[in-house]
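Observations on the model geometry
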Amino acid sequence: MRILILGAGALGGYFGARLLAAGRDVTFLVRPARAQNLATHGLHLLSPERGDLHLPPPPTITTATAPYDLILLSAKAYDLASAIDAIAPAVGPATLILPLLNGMAHMAALDTRFGPAHVLGGTSFISAALAPDGSIHHFNAHDTLFFGHRQGSPIPAITAALTGANFRGEHRPNITQDMWDKWSFLASLAGITCLLRASIGQIASAGATPLALALFAECRSVVTAEGYPQSEEFITLNNGFLSNPASPLRASMLRDLEAGNPIESHQIVGDLLERAQAHQLATPILAIAHAHLKAYEARRATP
């Protein structure tokens, strides 16, 4: 199976490195500067808990010219339009696209451009970052990639390609529920850690855990109104993540914000707030978190 990965940053680079090390046929579609970095230095993954990888220069292209069997789409939401244009020449009659963006707004854009039959559901759970030297730093033992047909059908070839590669790759028969579940948690994590500029453990030490849990409840109310109620097991597990006084967990959005980088404010928080308003739900903490992110973007845009 020929696999094309758009980008070789924290997400695409991590899973791509693991797949390459497992012998999969992987090519990275990257910008010229990243292609040059990889050609010069190779692909380096630093993961103290899952094991480092130091790979020779991987196959790269800067423009797609032929179809692939599977495309992993790991772009940021603010780059989605250009990412869709970039992968379009690689989409043939049998190509499947596995998007790993957060939220749900990207699915409509992909369905419109390529048709729902080409677009799988997918989500990932990983904390990683691309270092200035081009290496990828993986911060803990979590490296999960969920995938599946949105109709629940099994996909043996994709399952074979994405499992057994030293990360948790798993076909999920109800991938759409998984995507909504993750969105509710991520919006809560990003909203509270950006709003308070602190990790979950630091938020707990400040006595603000009830605020984090209240935000999670607001996000869950929106997801339920959209038709994807969540299990008690999921709620209990993630309440635990958001209230752990020893947790260093913080959203990657906070890292971007502190570095002065673009953020996915609408994809992760704003879109959920708009859905809450459409359902006439009261989500005051979500609204404050969104206002905080929009104020950051306005300040960033000010000369």
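Conventions adopted
Residues numbered from 1 in each chain as written. Predicted model: local features only at pLDDT ≥ 70, side-chain atom pairs only at ≥ 80, totals over all residues. Heavy atoms only, no water. Helix = DSSP H or I, 4+ residues; strand = E, 2+ residues; numbered from the N terminus. Contact = heavy atoms within 4.5 Å. Polar contact = N/O pair within 3.5 Å; in protein donor to acceptor, adjacent residues only side chain to side chain. Expected span 1.5 Å × (residues − 1). Buried < 20%, exposed > 50% of the residue type's maximum accessible area, 1.4 Å probe, protein only. Disulfide = S-S within 2.5 Å. Core = buried A, V, L, I, M, F, W, Y, C linked by side-chain atoms within 4.5 Å. Salt bridge = Lys/Arg side-chain N within 4 Å of Asp/Glu carboxyl O. Phe/Tyr/Trp six-rings, centres within 6.5 Å; stacked < 30°, edge-to-face > 60°. Lys NZ or Arg CZ within 6 Å of the ring centre and 35° of its normal. Pairing = 2+ DSSP bridges. Axes fitted to C-alpha atoms, helices over the stretch in contact; angles between N-to-C directions.

Turning next to the environment of serine 74. On the secondary structure map, serine 74 appears in the loop between strand S6 (68–73) and helix H3 (80–87). When the C-alpha positions of serine 74 and alanine 10 are compared, they lie 9.1 Å apart, and in sequence the two are 64 residues distant. Apart from the residues within four sequence positions on either side, serine 74 is in contact with Leu6, Gly7, Leu11 and Gly12. A polar atom in the side chain of serine 74 sits 2.8 Å from the backbone oxygen of leucine 6.

One non-glycine residue, arginine 197, lies in positive phi territory at about 50°. By the element assignment, arginine 197 lies in the loop between helix H6 (175–196) and helix H7 (200–205). We note that glutamine 280 has phi near 55°; this positive angle belongs to a residue other than glycine. One can find glutamine 280 in the loop between helix H11 (265–278) and helix H12 (284–301).

When the terminal C-alpha atoms of helix H8 (residues 209–225) are compared, their 25 Å separation across 17 residues agrees well with the 24 Å that a helix rising 1.5 Å per residue should span. Burial in H8 covers these residues: Thr209, Ala212, Leu215, Phe216, Glu218, Cys219, Arg220, Val222 and Val223. Where the residues of H8 are buried, they touch H6, H7, helix H9 (232–243), H11 and H12. Once H8 ends, the next one or two residues include glycine 227, with phi positive near 105°.

A separate point is the state of the cysteines. Taken as a whole, this structure holds 0 disulfides when the rule is applied. Just so you know, cysteine 194 is unpaired, no disulfide at all, and the nearest cysteine sulfur is the one on cysteine 219, 13 Å from it. On the basis of relative accessibility, which here comes to 0%, the residue cysteine 194 falls in the buried class.

Ranked by internal contacts, the top residues of the largest apolar core, which has 61 residues, are Ile71, Leu73, Ile87 and Met253. Ranked by the residues each element gives to this core, the list is headed by H6, at 11 residues. Discounting residues that sit within four places of it in the chain, leucine 73 has contacts with Leu6, Leu80, Ala83, Ile87, Ile97, Leu98, Pro99, Leu100, Leu101 and Leu110. Listed in part, the 33 residues of the second largest apolar core include Phe28, Ala35, Leu38 and Ile136.

It is worth spelling out the pattern of salt bridges at this point. All told, the structure shown has 11 salt bridges when counted by the stated rule. The salt bridge partner of lysine 76 is aspartate 256, with a shortest N-O separation of 3.8 Å. Of this pair, lysine 76 sits in the loop between S6 and H3 while aspartate 256 sits in helix H10 (residues 252–258), and the two are 180 residues apart along the sequence. The exposure class of aspartate 256 is buried, given its relative accessible area of 17%. Across the salt bridge formed by aspartate 111 and arginine 150, the nearest N and O atoms sit 2.7 Å from each other. Placement of aspartate 111 in helix H4 (residues 105–114) and of arginine 150 in the loop between strand S9 (136–148) and helix H5 (156–162) is noted, with a sequence separation of 39 residues between them.

We now examine the packing of aromatic side chains. Summed over the entire model, instances satisfying the criterion amount to 8 aromatic pairs. When the centroid spacing of 5.3 Å and the interplanar angle of 40° are considered together, the rings of tryptophan 180 and tryptophan 183 count as tilted. Residue tryptophan 180 and its partner tryptophan 183 are both found in helix H6; the two are separated by 3 residues, about one turn of the helix. We note that tryptophan 180, like tryptophan 183, is buried. When the ring centre of phenylalanine 125 is taken as reference, the NZ or CZ atom of lysine 182 above it lies at 5.4 Å.

With parallel pairing, 5 strands are arranged side by side in an open sheet as S5-S2-S1-S6-S7. Each edge of the sheet is formed by a strand with only one pairing partner; in this case those strands are strand S5 (60–61) and strand S7 (91–99). Bridge analysis of strand S2 (residues 25–29) against S5 gives 2 bridges, and the strand direction is parallel. By the bridge assignment, leucine 29 is partnered in S5 with isoleucine 61. Along the sheet, helix H1 (residues 10–21) contacts strand S1 (2–6) and S2; its crossing angle with S2, the most-contacted strand, is approximately 155°. Helix-sheet contacts for H4 involve S6 and S7, and the interaxial angle to S7 is about 175°.

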